[in-house]
Amino acid sequence: MTFDEFVKIRDYIYRKSGIFLGDNKQYYVEKRVRDRMAATGHQSFQSYFLSLRFESSNKEWQELVNALTVNETYFFREYPQLKCFAEEVIPSILEKKEVQGQTPIKLKIWSAGCSTGEEPYTLAIILEEMTAGVVSAPVTFEIHATDINTDVLGRAKTRLYSQRSVKDVPHEYMDKYFRRRGQMYELSPHLGNYIKFYQLNLLDSTAMERMENFDAIFCRNVLIYFDDNSRREVALYFHAALAEGGYIFLGHSESMSRVTPVFKMVRLKNAIIYQK
Amino acid sequence: MNTDNLVIKLKEGNEKERLAALRHLEQQGDETAINALVDLLTLEHSRLVQEAAVAALIRINMPQVAEAVVQLLESTDAWVRNAAVEILQGLGETASDVVRDLLQSFDPDLRLFAVNVLGEAKYRKAVSLLQEVVNNDSNVNVVAAAVEYLGEMGSRVTDVRCLENAGRRFKDPFLHYAVDEALKKIGHM
């Protein structure tokens, strides 16, 4: 791949997904594009690029994004955002609900595109740790964890994770919530009680219209796989699914402002997030 | 509820009722519904309802949507103009006849919008329309935009010739730079 070819595909990827690949990533991109060319039977970069550029199914786009992103998921991924959720967003929601006189206070969180469960279980740990003692009213919470792929949901329900998945879990939480099982780590079963795992297609209007009253939605590194029209559709479903003042968390390369202006961008101490 | 009542709801209901009326009108998808949804883009005050109307019009996916939306490109409101471009882009090939006609407009700003729509298109005919712009349009900004997109979407010898020809038609240094960049992207330099 020449440098000009790299720039061509790099610029296209950035325009479509917000993922920026610097000049130093040429080899990284070249290797993955070559793999995708081999997988799709394209002999030249130009023919591969044009096929990607004009495909209507978005299938090869999803494959390429998969190849270019670290699509493995792990506990406590994108820590500054989680810190923001734990230390700024949770107290703010709890205090607001207390002022409204809600008791017990109920928090409803959605992990959209939860894959093998690392994100919703991380959120369960954070909620268990951070909701105690913030307000005088008792606090309960539920997490809806959805994915289109039933295989990954099945794996999530086993609560068994590899060393790689738990590498960023703080020591005190490791001791408290995980138990070694041979080469794997088993997560405490009680965390599963907070989470409802189920299959959901983010573009299924009927299913999406049933989602409501969420205080926060986590949809990190999912919208990068969608085309422009679908991305707007999903964003509007999320807007409808959020309670008034609810928050949405996207991946660090993603920007809701590029999708739709219906959310407010909120700059907090630890992260930039979006609010209804 | 019939179309007339839905249109009234769209004007007089609260935000939730307007969104519900909008969804019903989308399902009807007839000319009255399309016109009501297009009017909503300029008359509505809620950004959420406006954005929902954009999504609904794209989903209706009929040439009549493109025909109704094209007038909004002349709006003084930047959001409305952008919404019209996004709808035309979202409609894809369904809007191609309207976009082709737009390229004949006397107003270079409208021709530039048409080029921007074609630049995001996923249908191959868009490439030949961009070629026509590069070969024939008299406005350097319109041609420069088309050159940039042709660099991304073009591949054939005719695309290369067309770009080289644009370099000969204009003396503007920015256009020459754009042509060089486009030729590099096609793999000709």
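Residues numbered from 1 in each chain as written. Chains lettered and ligands numbered in written order. Predicted model: local features only at pLDDT ≥ 70, side-chain atom pairs only at ≥ 80, totals over all residues. Heavy atoms only, no water.

Asker: What should I look at first to understand the overall build of chain A in this one?
Answerer: Within chain A, the regular secondary structure consists of 12 helices and 10 strands. The C-alpha atoms of chain A give 20 Å as radius of gyration, which agrees with the globular expectation for 276 residues (19 Å, within 12%). Across its three principal axes, chain A shows a C-alpha extent of roughly 65 × 50 × 35 Å. Buried residues in chain A amount to 55% of all 276 residues. Contacts in chain A between residues far apart in sequence, at least 24 positions, make up 75% of those at least 6 positions apart. Split by element, the accessible area of chain A, about 12,700 Å² in all, is 49% carbon and sulfur. A distance of 1 Å separates the average location of the 36 positive side-chain charges in chain A from that of its 35 negative side-chain charges. (Helix = DSSP H or I, 4+ residues; strand = E, 2+ residues; numbered from the N terminus. Rg over C-alpha atoms; globule rule 2.2 N^0.38 Å. Buried < 20%, exposed > 50% of the residue type's maximum accessible area, 1.4 Å probe, protein only. Contact = heavy atoms within 4.5 Å. Areas by Shrake-Rupley, 256 points an atom, 1.4 Å probe, with all protein chains shown as cover. Lys, Arg positive; Asp, Glu negative; His and termini not counted. Charge placed at Lys NZ, Arg CZ, Asp CG, Glu CD.)

Asker: What exactly am I supposed to notice about the sheet that holds strand β7 (residues 214–219) of chain A here?
Answerer: Strand pairing in a sheet is mediated by backbone hydrogen bonds. Such pairs are either parallel or antiparallel. Residues and elements named next belong to chain A. Pairing is mixed across the open sheet formed by seven strands, whose spatial order is β6-β2-β1-β7-β8-β10-β9. Of all the strands in the sheet, just β6 (195–199) and β9 (264–267) have a single pairing partner and so form its edges. Strand-to-strand twist of the sheet, defined as the mean angle between neighbouring strand axes without regard to direction, takes the value 25 degrees. Pairing analysis gives eight bridges linking strand β1 (residues 105–112) to strand β2 (residues 139–147), with the strands arranged parallel. (Pairing = 2+ DSSP bridges. Axes fitted to C-alpha atoms, helices over the stretch in contact; angles between N-to-C directions.)

Asker: Please clarify how the sheet that holds strand β4 (residues 178–181) of chain A should be interpreted in this entry.
Answerer: Residue and element names in this part refer to chain A. What the three strands build is an open sheet, ordered β3-β5-β4; its pairing is antiparallel. Lying at the two open borders of the sheet, with one neighbouring strand each, are β3 (160–161) and β4. The sheet contact formed by β4 and strand β5 (residues 184–187) spans four bridges and is antiparallel. Residue pairing in the sheet places R181 in a bridge with M184 of β5.

Asker: Help me understand the domain arrangement of chain A, please; the structure alone is not making it clear to me.
Answerer: Interfaces are frequently sized by the accessible area removed from exposure as the parts join. Residues and elements named next belong to chain A. Partitioning chain A into structural domains gives domain 1 (3–68) and domain 2 (79–275). With 11 residues of domain 1 at the contact, the number on the domain 2 side is eight residues. Both sides together, the interface formed by domain 1 and domain 2 hides about 810 Å², and carbon and sulfur atoms give 39% of it. The partner of K16 in a salt bridge is D228, with the nearest N and O atoms 3.3 Å apart. At the junction of domain 1 with domain 2, the criterion picks out seven residue pairs in polar contact (both at pLDDT 80 or more). The set of elements that each furnish at least two residues to the side of domain 1 that touches domain 2 consists of α1 (3–17) and α4 (59–68). Class assignment of the residues belonging to the side of domain 1 that touches domain 2 gives a composition of four nonpolar, five polar and two charged. (Domains from an automatic or database assignment. Buried area = accessible area lost by both parts, 1.4 Å probe. Salt bridge = Lys/Arg side-chain N within 4 Å of Asp/Glu carboxyl O. Polar contact = N/O pair within 3.5 Å; in protein donor to acceptor, adjacent residues only side chain to side chain. Nonpolar A, V, L, I, M, F, W, Y, C, P; charged D, E, K, R; others polar.)

Asker: It is not clear to me how the interface of chain B and chain A should be interpreted in this structure. Could you clarify?
Answerer: Counting residues at the interface gives 28 residues for chain B and 25 residues for chain A. Between chain B and chain A, a total of about 2,200 Å² is buried, with carbon and sulfur atoms accounting for 48% of that surface. Counting the surface chain B buries against chain A, the share from its top three residues, K122(B), E152(B) and K185(B), is 31%. Scanning the region where chain B abuts chain A turns up eight salt bridges.

Asker: Just checking my understanding: could you explain the domain arrangement of chain B for this structure?
Answerer: All names here are of chain B. One can read the domain layout of chain B as domain 1 (1–93) and domain 2 (103–189). On a C-alpha basis, the centres of domain 1 and domain 2 stand 31 Å from each other. If you look at the interface, domain 1 gives eight residues, while domain 2 gives seven residues. Its largest share of buried area at the contact with domain 2, domain 1 owes to L73, Q89 and E93, together 56% of the area lost on that side. Summed over the shared surface of domain 1 and domain 2, the number is zero salt bridges. Applying the counting criterion to the domain 1 and domain 2 interface returns one residue pair in polar contact (both at pLDDT 80 or more). Taken together, the residues of the side of domain 1 that touches domain 2 sort by class into three nonpolar, two polar and three charged.

Asker: Even after reading the chapter, I still don't get the environment of N24(A), so can you show me in this structure?
Answerer: Residue and element names in this part refer to chain A. Relative to the helices and strands, N24 resides in the loop between α1 and α2 (26–40). Given a relative accessible area of 69%, N24 falls into the exposed group. Along the chain, N24 and T69 lie 45 residues apart, while their C-alpha atoms are 16 Å from each other.

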